[in-house]
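# Survey of secondary and tertiary structure
These are the residues of each chain, in order.
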Amino acid sequence: MPHASKQLPRRLIAVSLLLFLILLLTLAWPGPGAPAPLRADMRRLTLNGEPVPDRVHLDMPHYRQTDPAWASYELRPGRTIGDIGCALTSLSMLAHVYGIQQNPAEVAASLGSWAAPLEWEVFTTLHNLRIVREDNLLDIDARVADRDWVRDSAVRALAQGRPVIVGIQHREHLTTHFIVACGYRYENGAYIVETYDTSTNNDYPSLDAIDPAWEYIRFLEISRGPS
Amino acid sequence: MSSYMRSPKPPPRPFDVNRLLLPLATLVLVLLVVLVVINRLPQTATQSSATLPPDRQGSANPTPALTSTLPATENPEPPGLRLETAIELDPAVASPVQLPEAFMRRGFAVLHVLPDGRLVLLNPISLAILDPRSGTAVLVHEAEFGLQAAANDRWIVYGEGGDEVFAVDAYDIASGEQRRLLESDAGYYGFEIDAADRFYTTELVTQPGSSKPAAWLAVTLADGNIERRDPGCRRVADWAIGEIWPEVPLSWSYVDGARWFQAKESLLSELYALSLHRLDRSTEQFEWQLFAIPDRSRKGQDALVAMTDLMTGIEPRLYVQNGLVAVHETTFYLRPLERWFRINEDTAEGNAAAYRVLALSPDAATLYIGLGDDNGLATGLGALTLAADEP
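Note that the structure is a prediction, hence the values are computed from the model and not measured.

### A word on the side chain of Ser253 of chain B
All names here are of chain B. Position of Ser253 relative to the elements: it lies in the loop between helix H4 (236-244) and strand S15 (259-265). The exposure class of Ser253 is buried, given its relative accessible area of 17%. There is a polar contact of 3.1 Å between the side chain of Ser253 and the backbone nitrogen of Val255.

As structure tokens, then:
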């Protein structure tokens, strides 16, 4: 009997522990439809409620302003694509996504006097494209001033197959420059927006590589117009 | 000593642990069942909300507003008093309005409804006044691209340019006369007009490589007199709400947890404020609430009168026209009728942006809606007759 009375409390403790374990597991089990557990990639972006793909790259050539094929094309007296044609060259690259196979000189020729300074809307009107999101540092609530907004907005645009043109300005020298966001990838818990830089001076391969001395001044998301 | 006198106690009965096992196990099992049930309840609510199309989410949790109305048996109040019980309008019964050719080629916006019921229409290549009853139109201006404009009952002010414009012209609606209002090599940015015939724009100055704001101009249209204001405030509605509540936070922010207000005002001086609280920028979720400011003699936050409950969902798109305030392309409040309405999108054939509310006629008898979408602009125009007994 003494042996049996010692065994009973042990059995009780064992059964209680087992039940307690079941209780803990039940509470920890999220069940269907419960919020996803916290993970390193919890900041993945969504678009219309769905996660965006992890990688997107839009098909376009990487043109340089200084390509001898068009660098000397004169946009206005004494100024050439090689000098001031970064926006135009960016637009030419972007146009390929929508099947408009024009190099920078051909884009300039089609725009005539609207090529410098470049009027984006003339080109979109000519080719049934639409500027669906535009942000300008001149706006009183310029969203483009926020680098995270630019990155996330570019990712969402690219996820829909829409390239983005980003304008930047050097804070000290006030020089402006334009590049194209042509793709992105999700890597190590962060989005890297890939860019084609028209210039070889810095040749920024991505938005996050752009030196903080430059601030964003323009954001143009361009889509195809209605058929 | 007395203890020795007592009869000896019977030996204590051995404690039978087995008797406790069954009730203890039963208790734990009951607890488990209760916990499992509790664990599932909120998830059910979350699931029902998550099944809503994302661009339609906008409900005070857990009610999925914008997509359902409460059954009449559970909600005896008249429909349309709250956003959640918005009155559904069938776009299929809208009468198509014949548009000038330029507005059929490119999407357009309704800038303003004139007191005589004519509509001022704008797209990047054309600016016109259309009589929706007869289909006749007066062409105000055409451009190759980038036409921008603002209109009130007496004036249409317009210019050409993708961003800044270098010349601003004024068109007198009654006489059809046009005259140059502003001209500058550096340009002007933004077009707004108020009911007191003042035109507002930002005057730019050039700097190497770009332009920057120099002043916010208020131009009296009758005589061209220019008042230069601090460019720190460059929106008419921001100015108006700032007069009522000087501390109102109006700065947009991309930081999770940030709170601010967005203000819009109609030409009837109907002033609205939308409170925005960014919950999660990765999923574009906001908490928001729409307020009206009916009494401008009241000052501070107390002047704001709630028009909706506190809602959650994607960022609302605040749109204001005379007698109308919309929080979504298809969900809006008509002030003369004091009711919320929603355009039924079930017939949109999968295109969620197929319809958008555009304007209300001055007599509140006709609602103009956009039929078709060109990246945020309407491609067709429909007129919905609001029943005399509606709501």
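Moving on, there is more to tell.
### Some thoughts on the environment of Phe191 of chain B
All names here are of chain B. Looking at the element boundaries, Phe191 is found in strand S11 (residues 178-193). Overall, the relative accessible area of 15% leaves Phe191 in the buried class. A sequence separation of 82 residues divides Phe191 from Ala273, and the C-alpha atoms of the two residues are 20 Å apart. If sequence neighbours within four positions are ignored, Phe191 has contacts with Gln148, Ala149, Ala150, Val157, Tyr158, Gly159, Val165, Val168, Phe199 and Tyr200.

### What about the pairing of strand S10 (residues 214-224) of chain A?
Residue and element names in this part refer to chain A. With 9 of its 11 residues buried, S10 lies for the most part within the structure. In terms of strand pairing, strand S6 (residues 129-136) meets S10 through 7 bridges, oriented antiparallel. Following the sheet pairing, Ile131 is matched in S10 by Ile222. As paired strands, strand S7 (residues 164-170) and S10 are joined by 7 bridges and run antiparallel to one another. Note on S10: the bridge partner recorded for Ile168 is Tyr216.

### With respect to the sheet that holds strand S28 (residues 381-385) of chain B
Residue and element names in this part refer to chain B. Spatial strand order, S3-S28-S25-S24: 4 strands in an open sheet with antiparallel pairing. Of all the strands in the sheet, the pair left with one neighbour each is strand S3 (95-96) and strand S24 (355-360). The pairing of strand S25 (residues 366-371) with S28 spans 5 bridges and is antiparallel. Each bridged residue has a counterpart across the sheet, and for Thr366 the counterpart in S28 is Thr385.

The rules behind the values
- Numbers given for residues are sequential positions, taken from 1 along each chain in its written order.
- All chains are assigned letters beginning at A, and all ligands numbers beginning at 1, according to the order in which they are written.
- Per-residue local features are limited, in this predicted model, to residues with pLDDT of at least 70; the limit for side-chain atom pairs, both in listing and counting, is 80 or more; totals at the level of whole chains, interfaces and linings are taken over all residues.
- The side-chain figures draw on all heavy atoms in the structure; neither hydrogens nor water molecules are used.
- Strands are runs of DSSP state E lasting at least 2 residues, helices are runs of H or I lasting at least 4, and numbering of each runs from the N terminus.
- When accessible area is computed with a 1.4 Å probe and restricted to protein chains, residues below 20% of their type maximum are described as buried, those above 50% as exposed, and intermediate ones as partly exposed.
- Contacts described as polar in this section are N or O atom pairs within 3.5 Å, which, within protein, must combine one atom able to donate a hydrogen with one able to accept it, while residues neighboring in sequence count only if both atoms come from side chains.
- It only takes one pair of heavy atoms within 4.5 Å for two residues to be counted as in contact.
- Being paired, for any two strands, means DSSP has found at least two bridges between them.

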